[in-house]
Every structure is written in structure tokens, then in C-alpha cells.
Amino acid sequence: MTKRALVCGAGGFIGSHLVRRLTHEGYWVRGIDVKQPGWGTTEADEFVIADLRDPQKAAEALTGGFDEVYQLAADMGGMGFIHSAETQIMHNSMLINVNVAEAAARAEVARYFLASSVCVYRDMQLGEGELSERDAYPAMPDNEYGWEKLYAERAVASYAREGHFQARIARFQNCYGPEGTWTGGREKAPAALCRKVAESSDGTIEVWGDGSAVRSFIYVDDLVTAVLCLMRSDIDEPTNIGTREYVSIKKLVELVASAADKSITPVWVPGPVGVQNRNFSNDRIETTGFQPTVSLSEGISRTYPWIERQVRGG
Ligand code: NAD
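Residues numbered from 1 in each chain as written. Predicted model: local features only at pLDDT ≥ 70, side-chain atom pairs only at ≥ 80, totals over all residues. Heavy atoms only, no water.

## Considerations on the site of the ligand
And step 1. With respect to spatial proximity, 27 residues lie near the ligand, and among them Ile14, Asp33, Asp51, Tyr145 and Cys175 are the closest.
And step 2. Against a free-state accessible area of 820 Å², the protein chains account for coverage of 92% of the ligand.
And step 3. Of all the secondary structure elements, the ones that give two or more residues to the shell around the ligand are helix H1 (13-24), strand E5 (111-117), helix H5 (144-161) and strand E7 (174-176). (Near = heavy atom within 4 Å. Areas by Shrake-Rupley, 256 points an atom, 1.4 Å probe, with all protein chains shown as cover. Helix = DSSP H or I, 4+ residues; strand = E, 2+ residues; numbered from the N terminus.)

## Focus: the sheet that holds strand E11 (residues 246-248)
And step 1. The mixed open sheet is built from 3 strands, whose spatial order is E7-E9-E11. Of all the strands in the sheet, just E7 and E11 have a single pairing partner and so form its edges. On average, each strand axis in the sheet is inclined to that of its neighbour by 50 degrees, with strand direction left out of account.
And step 2. By the bridge criterion, 3 bridges tie E7 to strand E9 (residues 214-219) in an arrangement that is parallel. Across the sheet, Tyr176 pairs through a bridge with Tyr219, a residue of E9. (Pairing = 2+ DSSP bridges. Axes fitted to C-alpha atoms, helices over the stretch in contact; angles between N-to-C directions.)

## Re the pattern of salt bridges
Once their charged atoms are close, side chains differing in charge can pair, the charge on each being opposite to the other.
And step 1. Using the criterion set out here, one finds 18 salt bridges in the structure.
And step 2. The salt bridge involving Arg106 is made with Glu102; its shortest N-O contact spans 2.6 Å. Of this pair, Arg106 and Glu102 are both found in helix H4 (residues 86-106), 4 residues apart, which corresponds to roughly one turn of the helix.
And step 3. On the basis of relative accessibility, which here comes to 66%, the residue Arg106 falls in the exposed class.
And step 4. A relative accessible area of 27% places Glu102 in the partly exposed class.
And step 5. One salt bridge connects Lys250 with Glu254, and the closest N-O pair in it is separated by 3.5 Å. Highlighted residues: Lys250 and Glu254, both in helix H8 (residues 249-260), separated by 4 residues, approximately one helical turn.
And step 6. The class for Lys250 is partly exposed, based on a relative accessible area of 45%.
And step 7. Overlapping salt bridges bring together Glu130, Arg244, Asp283 and Glu286 as one network. (Salt bridge = Lys/Arg side-chain N within 4 Å of Asp/Glu carboxyl O. Buried < 20%, exposed > 50% of the residue type's maximum accessible area, 1.4 Å probe, protein only.)

Take a look at the structure:
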């Protein structure tokens, strides 16, 4: 029997990569989003343009029967967006999550995936040991995006506890790769740095902070693999998805410059850097057999040429 999946946020970065993987695996996929995929046409069997803040649209999205729902729709962006659009995030993403979970429960979907974020965790000090999933509590996320994700996790978990569906909740670390947002203010650090390096004509780029903030970044193909490993596992607790490869922003600039084969001098400027340090356990997702396969250097060397082409006009 062909499995049927609904992907919410199918016009977005991770959603469109997930749609491609599911259809290649033989699923029948309905994608839903407020917009078409930014780059090229969707590979979904059916693509619906609808605003999931509307409960009626969420209910309609679920008609026809689905084995699996992947909820990735969100009003989201990089640190610049997260710190400047708090009410937008709290209002829009909360409505999307409540509506889709309720509609999935009513439609008796078997399994429900929620894309949460490591933004649910507190800030960390440099050198601090790994945070595991239970360390999200007592809760002190750095920003409202993280608080909304925690609320969504709890909402989805409560539907699962009442037996409406099985829930799989992933806390994504930063994801990057081709076809991600690269301009317009919602782009994340790897894409922003690729764009700045591609645009630089004098060998300098402005970068927020002082370069010491530490992050890890997961390549989109690896992230999609991990999503499917989690979805097919028995793990019903929130699960971190990322890599163990941590870099400073200064090192990330060097990797982008190397992929571009350019000599780049960063000019450090004040900006919304976010938390200082990130260090999460990936033990839980690794129990599924998942291991990332694309190093940061390899992933940046695949991403940079795509962003450079966009900068040059496609
Ligand atoms: P994205 O912005 O590319 O995709 C989100 C999609 O949701 C967009 O296409 C957007 O149009 C759609 N959307 C927004 N409002 C909607 C509405 N009212 N109705 C229907 N669709 C709507 O983001 P992404 O990077 O693909 O992220 C996907 C999910 O993963 C999000 O939930 C995000 O919070 C989470 N996440 C992403 C990262 C990352 O590094 N990219 C990290 C942590 C968590």
C-alpha cells in the first residue's frame, strides 16, 4: 500500500527537501504552504496553497486520510528575524501548530512529526558539557521563538498522551544547504555568510558579533535522513537532531572563504548574535542508527556555489 504523507511548510527549505525524499521513497505526498517552493517546482503529488493559521484550512488539508503528517510550517528566520518579529512568531506559529495538531487528531492520523528547535534550550557557557533533551527544563529559552516551540512540543505531546496519534518531536540544530533562504533578512548564518562572501568585491564582509559564538550546523540531506529515522523509531520523547561538529563563527567564515576561493577579512559589528554557546547531545537520535555523513566543510562547498549563482542572478 502506498503511504500517504502531508508535509506542512512544503514550500520552505527543509519541507521541500523532505517532499523530494518522501516521493522518491514512493510515498504519495500532499504539500501545503502559503507559498510555492522558492526554487523550482514542487515534487509533491499535490500542492495546496493555504494559510494554516485558519483552522478550516488546516482541517481541509487533512482530508483524504494520511498515515503521516510532517509539521514544518512556521513563521521563522535567522537571529535577525527572531529578535525583531516576536509577536509575529508567537501569534502565527502558535496558530499553525494548534490548528494542524487539532486537525490531525480529528482526522485520526497515525503518526505526527513536529519540527521543534534547539532554541528551546537556555544559553550555555563556553566549555560547558553537553545538554541532553531533559535539560530543556527548567525552561529558559533565549527568545520567543524557543518559547513557542516549547509550547508546540507540549501541545503535540498532549494530543499523543490522549491517544490521538503517535508523536515524534525533533529539536533541529541549525540546518543549511542549497535552496535555503539566503537573502531578505530571514537567512541563517551559513547562508548569510555565503551571500556576503559572494557579494564582496573588496575582500571584507561585515559579520555580527566577535566571531567567538559556537554553533553546529547540519546539512539538509542529513537532517531529512534523521527526520525519517526518528519518524520510524519508537522514540516518543523530544529528540535533538544535529551533528557533533562544533565551530566558531570565525571558523565558519574561513570555511566559506575557502569554498569561494577568496581571501576574506571579517569586520566584526554589533548585531543579534543569539546565545554564546551550543553543545547538545545527539545520543538519542544516534540510537536509531542515524549518523551525519556530510562534514561542514563539504556541506559549505556544496552550498556556496548555489548561493553564488543566486547572487549573480540565477
Ligand atoms: P522555512 O521558512 O523555509 O519553511 C517554513 C515554511 O512555512 C515556509 O515555506 C512558509 O511559507 C511556511 N509557512 C509560514 N506560515 C505559514 C502559514 N500560515 N500557513 C502555511 N505555511 C506557512 O523554514 P525551514 O528552515 O524549512 O524550517 C522548517 C521547520 O524547521 C520550521 O518549523 C523551523 O522552525 C524548524 N527549524 C528550522 C531550523 C533551520 O536551521 N532551518 C532550525 C530549527 C528548527
